[in-house]
Amino acid sequence: MRILERLLPVSAVVMSSRGKRALSPGMSAATEFIEKINTEYELLHRAFEYQFWGTKMALSSEEWSVPELTRTKAEMESFLASKEKLEQTRALLVTDVTDDERKTLKMFERTFGCYIMESPVALTLREECMKIEGALEDARNKMTLGATIGGEFVELSSVGLRAKMRVAPEEATRRACYDGVRTIGDFVTANGFVELVKARNAMAKSLGYVDYYDYKVTQAEGFGKAALFDILDTLETGTRPLMVAARARLCAEKGEAALEPWNSAFMMAGSITRQLDPYFPFEKAIEQWGRSFAALGISYEGASMSLDLLDRKGKYSNGFCHWPQPAWLRADGSWQPTVTHFTSLADPSAVGSGHTALTTLMHEAGHAAHFANIRQRSPLFSQERAPTSVAYAELQSMFLDSLVGDAAWRCKYALSRAGEALPFKLHEEDVRAKHPYEVLTLRGMLAVPYFEKALYEMAEEELTAEKIIALADRIEAEIQGGKGGRPLLSVPHLLSDEASCYYHGYVLAEMAVHQTRAYLMARDGVLVDNPKVGPTLRDAYWRPGNSEAFLGLVEKLTGAPLSGDAWVAMLQQDVEELVAEERAAYAAAAKAKAGAPTAGAVALDMRIRI
């Protein structure tokens with residue numbers, strides 16, 4: 001408890017002298033069981049998340065270690081994998097319980113079912129996976145990464161390398177950065193990734209799944225790999241002609257060299273990124289996120305948040321948001337707010353850093369807002385692992401970070417240090433430079449799940465470092481039309497159990513983002529600073545937690561089944577039509593801003609530590 005009490009407010013841990021939460025007299029058997037599960041899970045969850053944060057952030061105290069991360073994760077998963085708890089849950093479900101108790105017990109049943117492994121072989125393999133993964137991630141965090149620029153080796157993170165690739169005017173520098181990122185694939189395949197893939201697949205197959213990807217998607221989404229790729233295949237086929245046309249246009253406008261993976265991002269928007277940079281100063285990012293969310297009517301319901309924003313050596317190379325304290329309603333009706341950890345990888349000295357940091361803030365703060373607003377009778381409704389849908393979680397964050405690209409948002413919030421708004425002319429240049437190539441972003445997203453699908457479908461005897469690297473290159477060529485500026489084996493999600501076979505969630509979520517945006521625009525005519533948006537997201541998407549299916553939530557709000565139609569329509573939109581729409585939105589935002597009162601305090605109902 002010593003570590004946990006430093007992590008959380010005392011009010012979050014109210015224990016009796018025997019170390020168990022004191023239960024109120026008169027509780028029903030179902031409620032007493034529910035409270036016991038909730039309290040015990042809450043402590044195990046905190047212990048794991050404390051280690052997750054410390055190891056991912058490369059914090060130096062001896063309190064954080066990979067062995068402790070592995071141990072606390074195993075303890076938490078062992079608790080969730082209890083057959084006895086599942087039997088007790090099912091026994092209570094056939095008794096006379098209230099609707100509220102039944103809802104919570106049904107969710108317990110789903111959750112325990114995701115973790116129980118009938119096979120002793122699977123349990124052994126699961127432990128082996130966690131050990132390999134812990135060692136691999138520790139090695140990856142300590143990897144010396146960088147590029148040889150001007151004859152000297154410059155140490156840079158993967159984020160720093162990709163950022164420099166987007167803006168460096170010298171092709172030799174961009175090429176060196178790309179080569180630096182490519183070394184990640186060689187490193188991970190030589191340091192346990194091959195063995196991890198084999199162990200993951202063996203575990204999943206011992207449980208009766210087709211492979212590890214089928215296991216992961218079934219647990220998280222409630223449907224199997226085949227059903228998932230039926231959806232993704234439709235999007236892949238429907239956007240392939242757009243990708244071919246975009247690459248042909250880029251080649252015609254910028255020359256064949258623009259198709260090289262180290263050149264594409266720079267050729268499409270390198271100069272624009274530099275011009276936009278003064279309007280996204282890093283030190284203003286937190287304020288602009290806060291003001292923007294407050295104007296949408298978003299509340300954090302009393303949450304506490306810790307932010308670790310800067311890139312540094314050894315730190316996990318991807319932004320994330322986790323909750324050492326999930327939100328839930330206790331049996332006595334009291335509210336337990338979230339305690340949130342989230343991180344980004346900003347380098348204030350790098351061109352484009354402010355924009356990247358702000359977008360990451362909007363994204364991770366979107367996750368935080370979502371999980372802070374789940375109001376259900378157990379912390380298991382508001383934890384981010386199975387059976388919580390990946391696509392459901394990512395929809396919330398991706399919807400909110402999409403606002404950063406809107407003309408109306410930039411008119412109000414993209415301000416220079418002198419307080420000058422980003423001029424529409426520059427926004428128009430940005431639209432004209434990037435819109436014809438937006439499909440390439442979609443294809444880059446699609447490449448990750450198609451790679452992981454093919455990876456876990458490889459025969460075990462075929463799984464070697466050389467063949468995995470070759471597979472990654474082949475999938476990039478097939479899905480993206482050529483090698484991408486972010487080599488597939490540099491994607492950090494592949495290594496982590498929580499994030500592996502996860503990336504399809506971003507694709508499904510982006511489909512839902514465009515569908516939700518289209519619905520709200522048709523309903524209200526405006527998104528930015530619309531105070532109806534926050535309450536709509538809260539009531540339709542956030543309150544249920546994982547008690548309802550992702551596909552059903554989207555259809556319930558928008559009135560239509562999830563599809564890629566709105567996304568494809570955006571990609572197909574004529575650039576002149578889009579510029580005209582953005583010009584009108586910018587003008588309306590400028591008029592509203594001119595008549596608005598002076599900005600005051602930011603009201604989000606949260607406590608923040610930076």
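Above: the structure in question.
What you see is a predicted model; the values in this text were computed from it and never measured. (Residues numbered from 1 in each chain as written. Predicted model: local features only at pLDDT ≥ 70, side-chain atom pairs only at ≥ 80, totals over all residues. Heavy atoms only, no water.)

Glancing now at the overall build of the chain. Across its full length, the chain holds 24 helices and eight strands. A compact globule built from 610 residues would reach a C-alpha radius of gyration of about 25 Å, and the chain, at 24 Å, matches this within 12%. Each principal axis of the C-alpha distribution contributes one length, and for the chain these read about 70 × 65 × 45 Å. For the chain, the residues scored as buried account for 56% of the 610 residues in total. Taking contacts inside the chain between residues at least 6 apart in sequence as the whole, the part at least 24 apart equals 77%. For the chain, the exposed surface amounts to about 24,600 Å²; the carbon and sulfur share of it is 54%. The chain carries 69 positive and 82 negative side-chain charges, and their two centres are separated by 3 Å. (Helix = DSSP H or I, 4+ residues; strand = E, 2+ residues; numbered from the N terminus. Rg over C-alpha atoms; globule rule 2.2 N^0.38 Å. Buried < 20%, exposed > 50% of the residue type's maximum accessible area, 1.4 Å probe, protein only. Contact = heavy atoms within 4.5 Å. Areas by Shrake-Rupley, 256 points an atom, 1.4 Å probe, with all protein chains shown as cover. Lys, Arg positive; Asp, Glu negative; His and termini not counted. Charge placed at Lys NZ, Arg CZ, Asp CG, Glu CD.)

A386 connects to P387 through a cis peptide bond whose omega is 10°. If you trace the backbone, P387 turns up in the loop between α14 (353-372) and α15 (390-401). Unusually for a residue other than glycine, E301 sits at a positive phi of about 55°. Relative to the assigned elements, E301 resides in the loop between α13 (285-295) and β3 (303-310).

With that settled, the discussion passes to the packing of aromatic side chains. For the structure shown, the criterion picks out 21 aromatic pairs. Ring geometry for Y502 and Y506: centres 5.7 Å apart, planes at 55°, overall tilted. Put simply, the rings of F48, F52, W53, Y316 and F320 touch in pairs and so form one group of aromatic residues. Looking at R175, its charged tip hangs above the ring of W262, at a distance of 4.1 Å from the centre. Note that R375 overlies the ring of W335, its terminal NZ or CZ placed 3.9 Å from the centroid. (Phe/Tyr/Trp six-rings, centres within 6.5 Å; stacked < 30°, edge-to-face > 60°. Lys NZ or Arg CZ within 6 Å of the ring centre and 35° of its normal.)

It is worth spelling out the pairing of β3 at this point. The element β3 is extensively covered by neighbouring structure, given that six of its eight residues are classed as buried. The sheet contact formed by β3 and strand β8 (residues 606-609) spans four bridges and is parallel. Note on β8: the bridge partner recorded for M305 is I608. For β3 and strand β7 (residues 339-346), the ladder comprises six bridges, and the chain directions are parallel. By the bridge assignment, M305 is partnered in β7 with T340. (Pairing = 2+ DSSP bridges.)

Moving on, we come to the packing of helix α2 (residues 29-56) against helix α3 (residues 66-80). The description of two helices packed together rests on the angle between their axes and the distance between the axes. Running from N to C, α2 and α3 point in directions that differ by 155°, and their axes come no closer than 9 Å. As the angle between them shows, α2 and α3 are arranged roughly antiparallel. Regarding α2 and α3, the two cross each other, and that crossing is left-handed. On the side of α2, the interface is formed by I37, E40, Y41, L44, H45, A47, F48, Q51, F52, T55 and K56, while α3 contributes V66, E68, L69, T72, K73, E75, M76, F79 and L80. (Axes fitted to C-alpha atoms, helices over the stretch in contact; angles between N-to-C directions. Parallel < 35°, antiparallel > 145°, perpendicular 65-115°, else oblique. Left-handed = near helix turned anticlockwise from the far one by under 90°.)

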